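# Secondary and tertiary structure notes
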Amino acid sequence: MDKFKITGGRPLSGRVIVSGAKNAALPALTAALLTQERVVLHNVPRVRDISTLRSLLEDLGVDSSVTHEAHGNRIEIEARQLLNPVAPYELVKQMRASILVLGPLVARFGQARVSLPGGCAIGVRPVNLHLKGLEKLGATINFDHGYVDAKASGLRGTEFYFDTVSVTGTENLMMAAALAEGVTVLENAAREPEVQDLADLLNKMGAQIDGAGTDKICIRGVSRLHGAEHTIIPDRIEAGTFLIAAAITGGELAVERCNPQHLAAVLAKLDEVGVQLVRKADNAANRTATLTAKAGNKLRSLNLTTQEYPGFPTDMQAQYMTLMTQAEGSSVITETIFENRFMHAQELARMGAEINVNGRRAVVRGKTLLSGAKIQASDLRASASLVLAGLAAEGETIIDRVYHIDRGYERIEEKLNQVGAKIARVSE
Ligand code: UD1
């Protein structure tokens, strides 16, 4: 298992390029199941979750090929036929987003057998809404030995209200409804940019989807979808992580190829905290920009509550907590999306942070000197917060289980080393 050995206390400076969004690329890959024609995706990040999903698609009988491009990978997928409609436990347990094959498989092939994801480190994370929505669209759902068996002979448009906002739930139902007969209206839908990016791809494939990006999405079903070519949006979480890396090391980073609109809540918070931010448009056509972040004189402590988009993302909560250990005063961080997403707090405490966790609230008292220690990553975003802590700490930090970070950050140690960090990947 790989470890990171980080020598801290080095201000970062230079340019770093943001990769494509993992959470947009995953549903885009599964959307290719909805057509027998070729779907071509650009700017796909080179991260492990994408390889895991490609293995799953291969198991299903789908052909895909990868080529390196200047920015990310180009992936070509052609789902001419289905050999085997099963998403096995071994893959689903590695990556919950495997559930995204469910909607497309049922809609196009009338059958799917997908392992239930079960618990994961950051909480229970049920898929009841995905299943309820598919039932409303006319699928029959049965449970069998830890698997969901879904069958349908043609889905029919419906109205579905999400009683909890779910990102992949919205994506699954949007994909299924794209091939249903008649109109589907999804209410209290997720408004995340990744949902909108998927709708853009589906519309290029011939779907008729309106309202993605709002909480009411209207899908007029069509009888078939065709191939399309699409560029994945930039990863807003990776971009936000780099902005905090600049601030926490007292450095200055130009974070290139990000979409500031998708980062509004994060930028507002960092600005209030005292991070100096400058925005410069770099490509009007694909709406990307360069954001330069520089540490101000002093960081202020500010409370934070995670929310669904357009609120502050739960996927940036851990990184923000690390930043707050370096701010003057106390901050209360409230996690509203997942029930157990403070596992990084105890590792940060091992480095000298003062954090009290009580249920969904954590109180961080700053500023504390962080000192290098042996710590352990527990999940994807928690591991990013530990890397940030290692960069800010005095001395050497060793992070175990960095496979978590490889799931969603493309070569993070290489990108950070190019701007002055000292991170060695040690394989054992
Ligand atoms: C997606 C993101 C993940 C992010 C999360 C919240 C992907 C691949 N992953 O995860 O990075 O942290 O959104 O922004 O895009 N829930 C139910 N029933 C359901 C589905 C969800 O109760 O059927 C609950 C969950 O337990 C959680 C909340 O809804 O408390 C939000 O989860 P959801 O938006 O579904 O997260 P994911 O789509 O899995």
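Details of the structure are given in the entry above.
Residues numbered from 1 in each chain as written. Predicted model: local features only at pLDDT ≥ 70, side-chain atom pairs only at ≥ 80, totals over all residues. Heavy atoms only, no water.

## Examining unusual backbone geometry
- For the bond from Tyr309 to Pro310, the omega torsion is 10°, close enough to zero to count as cis.
- Structurally, Pro310 can be placed in the loop between strand 18 (304–305) and helix 10 (317–324).
- Across the junction of Gly366 and Lys367, the peptide omega takes the value 0°, indicating a cis bond.
- At Arg401, a residue that is not glycine, the phi angle is positive and equals roughly 65°.
- Here Arg401 is to be found in the loop between strand 23 (396–400) and helix 13 (403–406). (Helix = DSSP H or I, 4+ residues; strand = E, 2+ residues; numbered from the N terminus.)

## Some thoughts on the sheet that holds strand 6 (residues 86–87)
- Across the sheet, four strands lie side by side as 6-7-9-8; this open sheet has mixed pairing. Unpaired on one side and paired on the other, strand 6 and strand 8 (140–144) mark the two borders of the sheet.
- In this structure, strand 8 lies alongside strand 9 (residues 147–151), joined through five bridges in antiparallel fashion. Considered in strand 9, the bridge of Phe143 is made with Val148.
- Here helix 4 (residues 102–109) sits on the sheet and contacts strand 7 (111–115) and strand 9; the angle it forms with strand 7, its principal contact strand, is near 160°. (Pairing = 2+ DSSP bridges. Contact = heavy atoms within 4.5 Å. Axes fitted to C-alpha atoms, helices over the stretch in contact; angles between N-to-C directions.)

## Considerations on the nonpolar core
- In this structure, Val101, Met174 and Leu202 are the most contacted members of the largest nonpolar core, which totals 78 residues.
- Once residues lying within four places of it in the same chain are set aside, the contact partners of Leu202 are Ala31, Leu34, Met174, Met175, Ala207, Ile209 and Leu225.
- Membership of the second largest hydrophobic core comes to 64 residues, among which are Leu304, Ile375, Leu386 and Ile412. (Core = buried A, V, L, I, M, F, W, Y, C linked by side-chain atoms within 4.5 Å. Buried < 20%, exposed > 50% of the residue type's maximum accessible area, 1.4 Å probe, protein only.)

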